Amino acid sequence: MATKPFDMAFIGAGCSSLQLMHQMASADNWHEQQVALFSHEQPQHRSWCFWSDKPHPLQFLVEKSWQNISFVSNGLSVTQNIAPYQYHYISGAGFFNYFQGQFLENHPNVTAIQAHISAVQNNESTAAFTVHNGTQQWAAKQVFNSLPPKIKKTPDHVCLQQHFKGWFLQTDTDAFDEDTVTMMDFSIEQHNDVRFVYILPFSKREALVEITVFSEHTYADAVYDEVFENYMDTRFSHVNYTIQNTEKASIPMTNAPFSRFGNTGEVLLGAAAGMVKATTGYAFNRISKDSLGLHHDLKQQRKLRLANTQGRFRFYDNLLLGILAESPQRGKEIFEALFSKMSIPTILKFLDEDTTLAEEMLIFSKLPFWPFLAQVFKQCILPKIGFSRS
Ligand SMILES: Cc1cc2nc3c(=O)[nH]c(=O)nc-3n(C[C@H](O)[C@H](O)[C@H](O)COP(=O)(O)OP(=O)(O)OC[C@H]3O[C@@H](n4cnc5c(N)ncnc54)[C@H](O)[C@@H]3O)c2cc1C
């Protein structure tokens, strides 16, 4: 049976819904809005890292920040201060405890509803949406949908996974540089994928060590475990450690098209709107910026901004994704060239899509020429002369 319509409904109570809601809660009329927040399970306690050169709207949730980033490969080790940026960590526990506790208590106009949403419909005669879970339905004037996207693999688009398994370690002796995040350590066997280790040190004796891979398919657990054990034996051979926890996940890396709107005209958010950067898997700060922009557009009753990467940055992502998919053995070489020849703050600025054309030309001038040229030929010239990419 239909219930009283909500002014707005958020489907999914994760990173993007909660960040947009946090923005909207600053509006004068927010407390007059009746808001439904649908979620089907207890949140998965993933944690988020991101870099930023400005205080974040959720800065009070940041548990640790780092000033240095390092890049490591065979015979190469670069550590740099990343000013004006800092690299921040927000734990899933801190994020969800805040939103499920303090935020909901302070915003009684938000009704949290546990329901597995199976469909959204648009009723043209009433200009309202209905949100269904199979047995119940709820009406809302506006819907924000962040259900995980179903990405269809097509011959025209690259669909890789960034998949990883991470170990939260406690060591007996000081083992980590607590001021420096190891963003990529390529000193491990590549096995014809793009593989690196990511180390997030919380203290000298606590860190998350993550085996990260860019490839089409995820691995069986035993593969990550073997890479991890070999790495620890080589890099931390004199360190005794205990495993406090593990995490395992996969994030799509794709240049498939995304839209701001779903099939019924509802507004898409987060990964569903293409907010995951195709070549890095980072999304948290892109979602933050999108939430700010969306809130602004909605307040001004303006056309909503497009969600995902556009223009020349989409072109760059396409080139790199094409190389990673077709010639993964070149991945390590490209990242080595990038990190050994460019400053890390410039790389972060580029990944944020904030660089100027001149800075981008400088970056590309440092990278191996042929793989990029081959992709330009394949992606831009062959289709023009009638060859399909498939
Ligand atoms: C393990 C992991 C770690 C990551 N770490 C980082 C990082 O460090 N930095 C970074 O920038 N990005 C990171 N990302 C990428 C990105 O930031 C996250 O995927 C982010 O959570 C995406 O936000 P979202 O709102 O689109 O999806 P989510 O945060 O996943 O929210 C979707 C919500 O929908 C709910 N839901 C799903 N199906 C239904 C249904 N049928 N009915 C009702 N509710 C439903 C889910 O329970 C969830 O609450 C990570 C991703 C993963 C998977």
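Rules of the game
Residues numbered from 1 in each chain as written. Predicted model: local features only at pLDDT ≥ 70, side-chain atom pairs only at ≥ 80, totals over all residues. Core = buried A, V, L, I, M, F, W, Y, C linked by C-beta atoms within 7 Å. Buried ≥ 20, exposed ≤ 12 C-beta atoms within 10 Å, placed from the backbone. Contact = placed C-beta atoms within 7 Å. Near = placed C-beta within 6 Å. Helix = DSSP H or I, 4+ residues; strand = E, 2+ residues; numbered from the N terminus. Nonpolar A, V, L, I, M, F, W, Y, C, P; charged D, E, K, R; others polar. Domains from an automatic or database assignment. Pairing = 2+ DSSP bridges. Axes fitted to C-alpha atoms, helices over the stretch in contact; angles between N-to-C directions. Parallel < 35°, antiparallel > 145°, perpendicular 65-115°, else oblique. Left-handed = near helix turned anticlockwise from the far one by under 90°.

1. Describing the nonpolar core
Inference 1: Counting residues in hydrophobic clusters, the biggest one holds 91 residues, and the most contacted among them are Ala9, Phe10, Ala36, Val131, Ala140 and Val143.
Inference 2: Aside from chain neighbours lying at most four places away, what touches Ala140 is Pro5, Phe6, Met8, Ala9, Ala36, Ala128, Phe129 and Val131.

2. With respect to the site of the ligand
Inference 1: The environment of the ligand is formed by 32 residues, the closest being Gly12, Gly14, Ser16, Ala249 and Gly270.
Inference 2: At the level of elements, helix 1 (15-24), strand 2 (35-39), strand 3 (48-52), strand 16 (241-254) and helix 4 (284-299) are the ones that each hand at least two residues to the shell around the ligand.
Inference 3: Taken together, the residues that form the shell around the ligand break down as 20 nonpolar, nine polar and three charged.
Inference 4: Shared between two domains, the shell around the ligand holds at least three residues of each, these being domain 1 (6-47 + 91-150 + 256-299) and domain 2 (159-254).

3. Regarding the pairing of strand 9 (residues 119-123)
Inference 1: Taken together, the five bridges between strand 9 and strand 10 (residues 128-132) define a ladder with antiparallel strand orientation. Bridge assignment links Gln121 to a residue of strand 10, and that residue is Thr130.
Inference 2: In this structure, the hairpin formed by strand 9 and strand 10 is closed by a connection of four residues, where Ala127 is found at a positive phi of approximately 55 degrees.

4. Thoughts on the packing of helix 1 against helix 4
Inference 1: Remark: helix 1 packs on helix 4, axes separated minimally by 9 Å, with the N-to-C direction vectors making an angle of 40 degrees. In terms of orientation, helix 1 lies oblique with respect to helix 4. With respect to the hand of their crossing, helix 1 and helix 4 are arranged in right-handed fashion. Of the residues in helix 4, those touching helix 1 at Cys15, Ser16, Gln19, Leu20, Gln23 and Met24 are Phe284, Ile287, Ser288, Ser291, Leu292, Leu294 and His295.
Inference 2: Looking at the contact of helix 1 with helix 4, its residues break down into seven nonpolar, six polar and no charged.

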